[in-house]
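Coordinate analysis (summary)
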Amino acid sequence: MNNDDTPPSHSPSWFRQLGTILGKNATVKWRSPVVTGLEILLPSFFLVCLVPAWLAVGDTTGGDVQYAPPAGNLHNFTTYDPIWKCKKPNTTDPKIAKYTVCEEAFVTNRTCIEDLCIRLSDTNQTALLVSLRSFTEVCARTVPDYDTVALVRRFARNFELPFKIKHPFSTNVMTALSTGDQIAVVGSNAFLVNGLKEHLRATTYTFEHNSINFKDEISATRYSSSREGSGTMWGIVVINSEDEFTIRMNKSATPKLNKRISKLEGVSKAHLPYFTGFLTMQHAVFEFLRYPVDMDLTVIPMPSASYSQNRFLQMAGEFLPLVLSFSFLFPVAQTVSQIVREKESRIREGMLVMGLPSSVFKLSWVLTGYAQMTVSTVFMFVVLKQTFYAGTDPVLLFLTFWLYALSLVGFSILLSVFFFFFFFFFFFFF
């Protein structure tokens, strides 16, 4: 039955309601042009304030670098170096009779393996670090002998653990040296394993005192990664045949040889095989297997392509994210305050009573915030691309900061849920 007195329904569509509310939000923004301008331009203003510092620091450039092999043969190293080793007083062992007697102040458990000790210039921390630096610089040109590496590794580990200080030279160097001084020789060929052990006992003094026995490779690796063995192992030599042997060491003591050395890491990582004992142990195995040790073999860094280094980001790179976070503080505060004001004045409840879907109200503020943050990101992108990140891919640069700005819109709406009165928000935020 039709009732002609029933008025026709004229409820607006969902999209029409959304457009109306977006217009309302735009009007609110338009009525406060100064505040809206600050919301959009303040992040870029913070970045512009850093431009003078960026200009003062400047960039550094470098051309193609081809590293020349060191002079001489890699395996022509000095097996006896009186600078680094000395013996305890009243020692009669013929293996170390050629070394001079250590001063009494330097004979400690931290610097000696049995009766052989590392010679240091002084006992204070600065001098000890200078001694280690000097050792790594010498080993960048020559391969040290087994006893020297064992003593330096024992000293480096015992020195770092009690003091826990920041070292004035490469942290990579200290980390590599302090991974332990124990050596394990394992393998499937018992004849070669025992033969290599006897060769090391005959040609070195410290192997007898820093070697550790395991039945196979698995048990050795398990021990090195266990709580008891962590930080005590120099390496594991796995010898299965005359043509197959492996030297396993802590990854911090050996560089990746399948990629170029990073511009920021410098050349020191390329010299890790020298002073960490990898090449020393390799030479010992070669000598035992009677490989030709006079082969033309050397280790040099991979060549470096030309590059431009941003010194400002290198010095203040950790400070820049903090500046960006503070630069968005005002836009986030304004978005939250506008939503809280509508909640406090009951404008939102009034629109909901008149039939406005809650999804339209929430989406309107999301789209309003997205539009504002997009414009703000465009200005930031222009500043960043012309200054700090001139060499960065523009699409990646824009997406990084744009997505971060969009995430702040959701964060603003989340904050608005916890406040019902603008006074409480103002007191909490400021």
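Calculation rules
Every chain's residues receive numbers from 1 upward, in the order its sequence appears when written. For a predicted model such as this one, the threshold for reporting local features is a pLDDT of at least 70, and the threshold for listing and counting side-chain atom pairs is 80 or more; totals across whole chains, interfaces and linings nevertheless cover every residue. With hydrogens and water excluded, all non-hydrogen atoms of the structure serve as input to the side-chain values. Strands here are runs of E lasting at least two residues and helices are runs of H or I lasting at least four, both read from the DSSP assignment and numbered beginning at the N terminus. Any pair of N or O atoms that falls within 3.5 Å is considered a polar contact. Within protein, one atom must be able to donate a hydrogen and the other to accept it, and sequence-neighbouring residues count only if both atoms are side-chain atoms. Any pair of Phe, Tyr and Trp rings, taking the six-membered ring for Trp, is counted once the centres come within 6.5 Å. Such a pair is stacked with planes under 30 degrees apart, edge-to-face with planes over 60 apart, and tilted for the rest. Burial status follows relative accessibility: with a 1.4 Å probe on protein chains alone, a residue under 20% of its type maximum counts as buried, one over 50% as exposed, and anything between as partly exposed. Cysteine sulfur atoms that pair up within 2.5 Å are treated as a disulfide. Strand pairing is defined by DSSP finding a minimum of two bridges between the two strands. Axis definition: a line fitted to C-alpha atoms, limited for helices to the stretch in contact. Angles are taken between N-to-C directions and run from 0 to 180 degrees. In what follows, a contact means two residues having at least one pair of non-hydrogen atoms within 4.5 Å. Patch construction takes residues with relative accessible area above 30% that form no salt bridge. Like charges are linked within 9 Å, and nonpolar side chains (Val, Leu, Ile, Met, Phe, Trp, Tyr) are linked within 5 Å. The method behind every accessible area is Shrake-Rupley, applied with a 1.4 Å probe, and residues are considered shielded solely by the protein chains displayed. Salt bridge, as used here: a side-chain nitrogen of Lys or Arg that lies within 4 Å of a carboxyl oxygen of Asp or Glu. In these notes, a set of buried Ala, Val, Leu, Ile, Met, Phe, Trp, Tyr and Cys residues joined through side-chain atoms within 4.5 Å is what counts as a nonpolar core.

The next subject is the side chain of Asp-145. Relative to the helices and strands, Asp-145 resides in the loop between α3 (125-139) and α4 (146-163). A polar side-chain atom of Asp-145 sits 2.7 Å from a polar atom in the side chain of Thr-148.

All chains considered together, the criterion is met by twelve aromatic pairs. Taken together, a centroid distance of 5.1 Å and an interplanar angle of 85° make the contact between Trp-14 and Phe-15 edge-to-face. Taking 6.2 Å as the distance between ring centres and 65° as the angle between the ring planes, the aromatic pair formed by Tyr-146 and Phe-207 counts as edge-to-face. Here Tyr-146 is found in helix α4, whereas its partner Phe-207 is found in helix α7 (residues 207-210), with 61 residues between them in sequence. Taking the relative accessible area as the measure of exposure, Phe-207 reaches 1% and is therefore buried. Following the ring pairs from residue to residue traces out a cluster consisting of Trp-54, Phe-312 and Phe-388.

Simply put, the disulfide is a covalent bond whose two ends are the sulfur atoms of two cysteines. If you walk through the whole model with that rule in mind, you get two disulfides. Between the sulfur atoms of Cys-86 and its disulfide mate Cys-102 the distance is 1.8 Å. Disulfide Cys-86-Cys-102: torsion about the S-S bond near 105°, hence right-handed. Highlighted residues: Cys-86 in strand β2 (residues 85-87) and Cys-102 in the loop between β2 and β3 (112-113), separated in sequence by 16 residues. The class for Cys-102 is buried, based on a relative accessible area of 6%. Put simply, Cys-112 and Cys-117 are joined by a disulfide, and their sulfur atoms are 1.9 Å apart. Around the S-S axis, the bridge from Cys-112 to Cys-117 shows a dihedral of about 100° and counts as right-handed. Here the chain pairs its bonded cysteines, counted in sequence order, in the arrangement 1-2, 3-4.

Moving on, we get to the sheet that holds strand β5 (residues 182-186). Pairing between the strands of a sheet is mediated by backbone hydrogen bonds and can be parallel or antiparallel. The sheet built from three strands is open, its strands ordered β5-β6-β7 with mixed pairing. Looking at which strands have only one partner, the edges of the open sheet turn out to be β5 and β7 (244-248). Across this sheet, the average inter-strand angle for adjacent strands is 10°, counted without regard to direction. With respect to the sheet, helix α8 (residues 217-225) is in contact with β5, β6 (233-241) and β7, its orientation differing from that of β6 by roughly 170°. Contacts from helix α10 (residues 278-288) reach β5, β6 and β7, with the element oriented near 155° to β7.

For the rest of this paragraph, the subject is a nonpolar patch on the surface. On the surface, Phe-45, Phe-46, Phe-319, Leu-322, Phe-326 and Leu-329 cluster together to form a nonpolar patch covering roughly 590 Å² of accessible area. Breaking the nonpolar patch down by element, the ones donating at least two residues are α2 (33-57) and α12 (320-327). Inspection of the secondary structure assignment puts Phe-326 in helix α12.

Burial analysis of β6 places seven of its nine residues in the buried class, the great majority of the element. Where β5 meets β6, five bridges bridge the pair, whose relative direction is parallel. Pairing of Ile-183 across the sheet is with Gly-235, part of β6. Pairing geometry for β6 and β7, over five bridges, is antiparallel. Each bridged residue has a counterpart across the sheet, and for Ser-241 the counterpart in β7 is Glu-244.

Moving on: the pattern of salt bridges. Side-chain pairs of opposite charge can arise whenever the charged atoms involved come near each other. On inspection of all chains with the given rule, the structure shows seven salt bridges. In this structure, Glu-342 engages Lys-24 in a salt bridge whose closest nitrogen and oxygen atoms are separated by 2.4 Å. Residue Glu-342 is found in helix α13 (residues 329-344), and its partner Lys-24 is found in helix α1 (residues 14-30); the two are separated by 318 residues along the sequence. Since its relative accessible area comes to 7%, Glu-342 is described here as buried. Arg-201 is the salt-bridge partner of Glu-208, the closest N and O atoms lying 2.9 Å from each other. Through salt bridges with shared partners, one network takes in Glu-198, Arg-201 and Glu-208.

Moving on: the nonpolar core. Ranked by size, the top nonpolar core spans 35 residues in total, and within it Tyr-146, Ile-183, Val-185, Leu-196, Trp-234, Ile-239 and Met-281 carry the most contacts. Looking at this core, the elements that each hand over two or more residues are β4 (116-118), α4, α5 (171-177), β5, α6 (190-203), β6, α9 (272-275) and α10. For this core, the leading source of residues is α4, giving seven residues. Here Met-281 is in contact with Tyr-146, Ile-183, Val-237 and Ile-247, once residues within four sequence places are set aside. Counting 26 residues, the second largest nonpolar core, distinct from the first, contains Leu-50, Val-51, Ala-316 and Met-380.

Another aspect to go through is the sheet that holds β4. In space, the three strands of this open sheet follow the order β2-β4-β3, with antiparallel pairing throughout. At either end of the open sheet lies a strand with only one pairing partner, and these are β2 and β3. Across two bridges, the pairing between β3 and β4 is antiparallel. Paired with Ile-113 across the bridge in β4 is Leu-116.

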